[in-house]
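Examination of the molecular architecture
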Amino acid sequence: VLHATRPVHTTQQRLAPLPPLPEKGGEVRHGLIPEEFFQFLYPKTGVTGPYMLGTGLLLYFLSKEIYVINHETVAAACILSVIIYGIKKFGADVAAFADKLNEEKVANALAVKNAAIKGLETAIEEEKKEQWRVEGRSFLFDAKRNNIAMLLETNYRERLMTVYNEVKKRLDYQVALQNLKRQKEQDHMIQWVEKNVVQSITPQQQKESITKCILDLKALSKSVQVAV
Amino acid sequence: GPLLERRLMDVRLGELPLWLVTCDFSPQGLLGGVQKAWSSYYNKYINVKRGGPAGISMLLAGYCLLSYGWSYQHIKRHRWRKYH
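Along every chain, residues carry numbers that run from 1 in the direction the sequence is written. The lettering of chains begins at A and the numbering of ligands begins at 1, in the order of writing. Predicted model: local features are reported for residues with pLDDT of at least 70 only, side-chain atom pairs are reported and counted for 80 or more only, and whole-chain, interface and lining totals are derived from all residues. Excluding hydrogens and water, the side-chain figures rest on all heavy atoms present in the structure.

Thoughts on the overall build of chain A
A tally of regular secondary structure across chain A gives 5 helices and 2 strands. Tracing chain A from N to C terminus, the helices and strands come up as β-β-α-α-α-α-α. The buried label goes to any residue with under 20% of its type's maximum accessible area, the exposed label to any with over 50%, and the partly exposed label to all in between, with areas taken from a 1.4 Å probe on protein chains only. Per-residue burial for chain A yields a buried fraction of 5% across its 228 residues. Numbering of helices and strands runs from the N terminus, with a helix taken as a DSSP run of H or I at least four residues long and a strand as a DSSP run of E at least two residues long.

So this is what it looks like as structure tokens:
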């Protein structure tokens, strides 16, 4: 609900940007009387009109003693002369100093504004560069996709290797088992055969075999003696 | 133009009583009038980039006249002559 009594932007005025201050104030003659008064009397009395009016009023006040001359008059005259002398002598310097202060303030504000504008412009440049970088996203994603594919491939091959090794180990085990079994059977058989043969050699057979060997050796020695 | 929106300086002498009747003499009206007068004087003579002594000197002169008017009865006793 909008309160209809409040003015809502009905005039052209806005609060910002403020209109600049006027350069000079209203014209004032002799520091006391606005120029409008002289312009007001100019059509009827010309240039000297207000001065005549002032002189006449002054003489009237003095003669009728509406303005009484006393000690305060002297004090006022001294004070006024000192003030006017001070203004005439130091007015320009004070005005220049005040103008310099104003200039510094305005320069500060302007510097802040310029700095803000520059900062925003650099921000715009950065933003444009970021937008350009966005176009390179496809390359980035391709590289990442390649990386991931490679990782998957490596992993797959490692697992294949593991499987192969495990199967080989099991088969080797079976082979070694069979070999061992055969070896054990062979050894056992050889041992058993040897044991039985040794057992079967009775003492009788042993004697017979030893005499046969001695006869053979003798025959051999004879043949050798003959050969020599 | 219409009488109510004109300022005092634009009112002709013959229309002054009529204008005074249309004036707003309630406390808020008087306060608003005083504020408007002060703000127009301030913006014309004081709130400028390169002002001069005119802004406050007129205020001081007005104050001098006002204080002379207030103490006129006392000053009247120190006149130099009895008959003018």
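Remarks on the overall build of chain B
Secondary structure assignment for chain B yields 4 helices and 0 strands. The secondary structure elements of chain B, listed N-terminal to C-terminal, are α-α-α-α. Taking all 84 residues of chain B together, 15% fall into the buried category. Areas reported as accessible are Shrake-Rupley estimates using a 1.4 Å probe. Residue values count occlusion only from the protein chains shown. With the model as given, the accessible surface of chain B reaches about 7,100 Å², and the carbon-plus-sulfur share is 66%.

Topic: the pattern of salt bridges
Residue and element names in this part refer to chain A. Here a salt bridge means any side-chain nitrogen of Lys or Arg lying within 4 Å of a carboxyl oxygen belonging to Asp or Glu. For the structure on display, the rule yields 12 salt bridges over all chains. For Arg145, the salt bridge identified is with Asp142, shortest N-O distance 2.9 Å. Residue Arg145 and its partner Asp142 are both found in helix 4 (residues 137-200); the two are separated by 3 residues, about one turn of the helix. Judged by its relative accessible area of 37%, Asp142 is partly exposed. Shared partners join several salt bridges into a network, and the residues in it are Glu166, Lys169 and Arg170.

Digging into the packing of aromatic side chains
In this scheme Phe, Tyr and Trp rings, the latter by its six-membered ring, pair at centre separations within 6.5 Å, and the angle between planes marks the pair as stacked below 30 degrees, edge-to-face above 60, and tilted otherwise. For the coordinates displayed, the defined rule picks out 8 aromatic pairs over all chains. Relative to Tyr45 of chain B, the ring of Tyr41 of chain B has its centre 5.2 Å away and its plane inclined at 40°; by these criteria the two rings are tilted. With a gap of 4 residues between them, Tyr41 of chain B and Tyr45 of chain B both fall in helix 2 (residues 27-46), about one helical turn apart. Classification of Tyr45 of chain B as buried rests on a relative accessible area of 9%. Following the ring pairs from residue to residue traces out a cluster consisting of Trp38, Tyr41, Tyr42 and Tyr45 of chain B. Sitting over a ring, as applied to charges here, requires NZ of Lys or CZ of Arg to be within 6 Å of the ring centre and within 35 degrees of the ring normal. The positively charged end of Arg29 of chain A is found above the aromatic ring belonging to Phe38 of chain A, 4.0 Å away from the centroid.

Describing the UniProt feature "transmembrane region" (unreviewed entry) in chain B
UniProt positions are given in the numbering used here, feature names are shortened, and annotations may be inferred rather than shown by experiment. Taken from the UniProt record, the annotation "transmembrane region" (unreviewed entry) applies to residues 54-72 of chain B. Taken end to end, residues 54-72 of chain B comprises 95% helix and 0% strand; its first and last C-alpha atoms sit 26 Å apart.

Overview of the interface of chain B and chain A
Interface size is commonly expressed as the accessible area that is lost once the parts come together. The contact criterion used is simple: two residues touch if any of their non-hydrogen atoms lie within 4.5 Å. If you look at the interface, chain B gives 19 residues, while chain A gives 23 residues. Together, the buried faces of chain B and chain A total about 2,000 Å²; carbon and sulfur atoms form 53% of this surface. Summed over both partners, the accessible area lost on bringing two parts together, with a 1.4 Å probe, is the buried area. A per-residue breakdown of the area chain B buries against chain A is headed by Lys49, Arg50 and His84 of chain B, which together make up 30% of the total. A salt bridge links Glu36 of chain A to Lys44 of chain B, with the shortest nitrogen-to-oxygen separation between them at 2.5 Å. A 3.5 Å cut-off defines polar contacts: any pair of N or O atoms within that distance qualifies, except that in protein one atom must be a possible hydrogen donor and the other a possible acceptor, and neighbouring residues in sequence count only when both atoms are side-chain atoms. Inspection of the chain B/chain A interface yields 14 residue pairs in polar contact (both at pLDDT 80 or more). The set of elements that each furnish at least two residues to the side of chain B that touches chain A consists of helix 2, helix 3 (54-70) and helix 4 (72-75) of chain B. Among the elements that take part in the side of chain B that touches chain A, helix 3 of chain B stands out by supplying 5 residues, more than any other.

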